There are 2 protein chains.
Amino acid sequence: MMVKDIQITPAKTSKIHDVDFNNLQFGRVFTDHMFECDFKDGKWSNPKIVPYAPLTMEPSARVFHYGQAVFEGMKAYRDDNDELFLFRPDENYARINKSAARLAIPEFPEDFFFEGLKQLILLDKDWVKKGWGNSLYIRPFVIATEGAIAASPAEEYKFMIILSPAQAYYSQEVRVLFAEKFSRSADGGVGYAKAAGNYAAQFYPTSLAHERGYQQIIWTDASTHEYLEEAGTMNIFFRVNDKLITAPNNDRILDGVTRKSVIQLAQDAGVDVEVRRVPVAEIKEAARNGSLKEIFGAGTAAVINPIAGFEHAGSTYELPKMEDSYATLFKEKLMNIQYNKAEDPHNWRFKIS
Amino acid sequence: MMVKDIQITPAKTSKIHDVDFNNLQFGRVFTDHMFECDFKDGKWSNPKIVPYAPLTMEPSARVFHYGQAVFEGMKAYRDDNDELFLFRPDENYARINKSAARLAIPEFPEDFFFEGLKQLILLDKDWVKKGWGNSLYIRPFVIATEGAIAASPAEEYKFMIILSPAQAYYSQEVRVLFAEKFSRSADGGVGYAKAAGNYAAQFYPTSLAHERGYQQIIWTDASTHEYLEEAGTMNIFFRVNDKLITAPNNDRILDGVTRKSVIQLAQDAGVDVEVRRVPVAEIKEAARNGSLKEIFGAGTAAVINPIAGFEHAGSTYELPKMEDSYATLFKEKLMNIQYNKAEDPHNWRFKIS
Ligand SMILES: Cc1ncc(COP(=O)(O)O)c(C=O)c1O
Ligand SMILES: Cc1ncc(COP(=O)(O)O)c(C=O)c1O
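This structure is a prediction, so every number in the text was calculated from the model and none was measured.

Digging into the nonpolar core
Core analysis: the biggest nonpolar cluster contains 138 residues, and F64 and F159 of chain A together with F64 and F159 of chain B have the highest contact counts within it. If sequence neighbours within four positions are ignored, F159 of chain A has contacts with F35, E36, C37, W44, I96, F108, F113, P140, F141 and V142 of chain A.

Here it is in structure tokens:
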């Protein structure tokens, strides 16, 4: 598809000078433009970039009533030579359509996705700041816009991309609860999709965790609560001695881009990686006998997020402070690729131009 | 709370004359007004009734990204003397707040709910048509409006009520699939809440069922798929000989108002009702040996919906055509109460005036 197919209406003025880029709260400030494209009469059409502005929605839009919505999360990075990069955007494209299929949302065309993404970022490129940890968070999403309160798939949708400048994510020490009662998703459900409803479902249990001093929950399988799966917006890795263990993808777990990149980097570095079910009992035993060296989360927003301790069944466990932690090692390796400071043997970097 | 607290802006003209009340598609036509109330700065305030119109929403509104939204479904009925009634609205009020709590949405005040409901219906009362099966479908809902793409509860919400005139729901013969692989909700999840995301999650499996000639899925428990739970928007009853069996409420099942009313009416009529787990194997065996007389769904939209047959594990089962079916009996009993044609021993009718 050619550039000219996306109709661009530039903003009259930019908001960029009102933004304090050293004090950004995640996901609260948006750039000057947004991309949108509508599904109607059986096809996606009318892709356009317009000034960032509120939407007009029917009160009966199905997204409000039936949660028919999926999204993605990715980032753009600026290197020292002012070149802009994405990280494995093909994975996000594939995943939004996998999510869409599960929610009965029509697939979004590849050329619209990549052209929309590139043109939008280029138009708002001044919002991608240089510097380690700085990025432009990219949020593609699809919502069911059709106004009809019948519990069936919509016939009209809006695909959008909005952009939000971001600094490094979590800063505090993260302690987590292993889920014992609440659950995030079921076998045969939508846990593997980035479906909007998966997230709201976690808010209440997470707020209970917060009240008890835990920042996150590590979800366990809903049937037995005996196997560790993932956190709210991160996949989870366990380091036992020098081995790295993470749960396999299944119906319930999001197939994270950061997760698969960490697995690859670990294998490249000769680290023994086991992708298999992770029993709560094994991790507790490893914590007790000292072989559990690290737990960390992996996700686009936080990159790698070390976990300092956990609670399960009333017992708390503190993790050792590691010198040469895998969390630090793989975060560095990943970011070096993302910021064009290292070789990119797997072709993960995607230059925007 | 006094009437004067709700600010009313009447519509300049009514759309009612453009509507063909004999050819209504469910949930597509809305009345002239809507109720709204905003949560901001820690409280619900500014309840108002305004002309039905599109909403202005931030593209980053959390409902679009994280599915933080709950809803209710109820109906208003007009009797032969032109009096208007609701059916057990206290149950819907209690349930929307139960749903809200699970989705970390602030509770909505009782007086706002009932005053908003009454005033709105009275203003649009001409839309409630006389006649058996005619009703005004009422859709209260809450959406997270705050613009912030962080996966945490919003600090701003909108509560709304919209109204849609309805005729009797399903008409065709309904055949269902018993779920074997897909599932609707998990233990410890949000299945018992009328959470928006629960519905979109069913669209894809249901579309596969449609392709095979089934209108609905009866969901089974996600862990084993051995127990029958409920349908997409109906609770399910099984009649084995003269006994009525239905699944108990739990984490995964919506506590339906129609269900609990049918249980009560059945008990009043001296019918043996068992509220207990319903094994797929038992129902199949009962179908084979002829003791399974009926299956029917119960929900506000359809009232009672007889099911003509089902499929499970590649085998299909047809149900007998019953003369004195419970489905017909209890539908009649329920509607007689709803339309003020029978005594109301349990005080379920709620007169609007
Ligand atoms: C539930 C869940 N798990 C894991 C992740 C991590 O995935 P990724 O590395 O692709 O960002 C995310 C996304 O942010 C997520 O929402
Ligand atoms: C999942 C589900 N089950 C059952 C029902 C029936 O509940 P009620 O009888 O309160 O309408 C509904 C609501 O319509 C529902 O959404």
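Some words on the domain arrangement of chain A
Frequently, the measure chosen for interface size is the accessible area that the parts lose on association. Residue and element names in this part refer to chain A. Per the domain assignment, the segments making up chain A are domain 1 (3-166) and domain 2 (174-338). Taking only C-alpha atoms into account, the centre of domain 1 sits 28 Å from that of domain 2. Contact residues are listed per partner, giving 21 residues for domain 1 and 24 residues for domain 2. Where domain 1 packs against domain 2, one counts one salt bridge. For E91, the salt bridge is made with K260, and the minimal N-O distance between the two is 2.8 Å.

Quick word on the site of ligand 1
Residue and element names in this part refer to chain A. Around ligand 1, the structure places 16 residues, and the nearest of them are K194, Y199, E230, T258 and T300. The contact in question runs from an oxygen atom of ligand 1 to an N or O atom on the side chain of K194, over 3.0 Å. Take Y199: an N or O atom from its side chain is 2.4 Å from an oxygen atom of ligand 1. When ligand 1 sits alone it has 390 Å² of accessible area, and the protein chains cover 96% of it. Grouping the constituent residues of the shell around ligand 1 by class yields five nonpolar, seven polar and four charged.

Describing helix α4 (residues 196-211) of chain A
Between its first and last C-alpha atoms α4 of chain A spans 24 Å; for 16 residues at 1.5 Å apiece the expected length is 22 Å, and the two agree. Residue F203 of chain A marks the point of greatest curvature in α4 of chain A, where the axis turns by about 35 degrees; the proline P205 of chain A follows within four residues. Every buried residue of α4 of chain A is accounted for by A196, G197, N198, Y199, A200, A201, Q202, F203, P205, T206 and A209 of chain A. Buried residues along α4 of chain A sit against β5 (69-71), β10 (174-178) and β11 (216-218) of chain A together with α1 (62-66), α2 (89-102) and α4 (196-211) of chain B. Just downstream of α4 of chain A, G213 of chain A is the residue with a positive phi angle, here 90 degrees.

Section: the packing of α2 of chain B against helix α3 (residues 110-123) of chain B
Residues and elements named next belong to chain B. In the contact formed by α2 and α3, the axes pass within 11 Å of each other and the chain directions differ by 130 degrees. Judged by the inter-axis angle, α2 sits oblique to α3. The handedness of the crossing between α2 and α3 is right-handed. Taking contact as the criterion, the partners of P89, D90, N92, Y93 and I96 in α2 are, on α3, E110, F113 and F114. Looking at the contact of α2 with α3 residue by residue, the class counts come to five nonpolar, one polar and two charged.

A look at the site of ligand 2
Residues and elements named next belong to chain B. If you check the shell around ligand 2, you find 16 residues, and the closest are K194, Y199, E230, T258 and T300. R95 places a polar side-chain atom, nitrogen or oxygen, 2.8 Å from an oxygen atom of ligand 2. In this structure, an oxygen atom belonging to ligand 2 sits 3.0 Å away from a side-chain N or O atom of K194. Surface burial for ligand 2 is 96%, taken as the share of its 390 Å² of free accessible area covered by protein chains. Elements that contribute at least two residues to the shell around ligand 2 include exactly α5 (257-268) and β17 (292-299). Broken down by class, the residue content of the shell around ligand 2 amounts to five nonpolar, seven polar and four charged.

Remarks on the side chain of D344 of chain B
Residue and element names in this part refer to chain B. When you line up the elements, D344 lands in the loop between α7 (326-338) and β20 (349-352). Buried charge D344 goes without a salt bridge, the closest partner of opposite sign being R349 at 4.2 Å. With residues up to four places along the chain from it excluded, the contact list for D344 reads I337 and R349.

Topic: the relation of the copies chain A and chain B
The operation relating chain A to chain B is a screw motion whose rotation component is 180 degrees, with 0.0 Å of axial translation and a residual RMSD of 0.0 Å. As the rotation angle and translation indicate, the two copies are arranged about a two-fold axis. Looking at the rotation axis and the C-alpha trace of chain A, the residue lying nearest is G197 of chain A, at 2.1 Å. Of all interface residues in chain A, 100% are interface residues in chain B too; the two copies therefore contact each other through one and the same surface.

Each value, and the rule that gives it
- Residues numbered from 1 in each chain as written.
- Chains lettered and ligands numbered in written order.
- Predicted model: local features only at pLDDT ≥ 70, side-chain atom pairs only at ≥ 80, totals over all residues.
- Heavy atoms only, no water.
- Core = buried A, V, L, I, M, F, W, Y, C linked by side-chain atoms within 4.5 Å.
- Buried < 20%, exposed > 50% of the residue type's maximum accessible area, 1.4 Å probe, protein only.
- Contact = heavy atoms within 4.5 Å.
- Domains from an automatic or database assignment.
- Salt bridge = Lys/Arg side-chain N within 4 Å of Asp/Glu carboxyl O.
- Near = heavy atom within 4 Å.
- Polar contact = N/O pair within 3.5 Å; in protein donor to acceptor, adjacent residues only side chain to side chain.
- Areas by Shrake-Rupley, 256 points an atom, 1.4 Å probe, with all protein chains shown as cover.
- Nonpolar A, V, L, I, M, F, W, Y, C, P; charged D, E, K, R; others polar.
- Helix = DSSP H or I, 4+ residues; strand = E, 2+ residues; numbered from the N terminus.
- Expected span 1.5 Å × (residues − 1).
- Bend = angle between axes of the 7 residues up to and from the residue.
- Axes fitted to C-alpha atoms, helices over the stretch in contact; angles between N-to-C directions.
- Parallel < 35°, antiparallel > 145°, perpendicular 65-115°, else oblique.
- Left-handed = near helix turned anticlockwise from the far one by under 90°.
- Lys, Arg positive; Asp, Glu negative; His and termini not counted.
- Least-squares fit on C-alpha atoms with pLDDT ≥ 70 in both.

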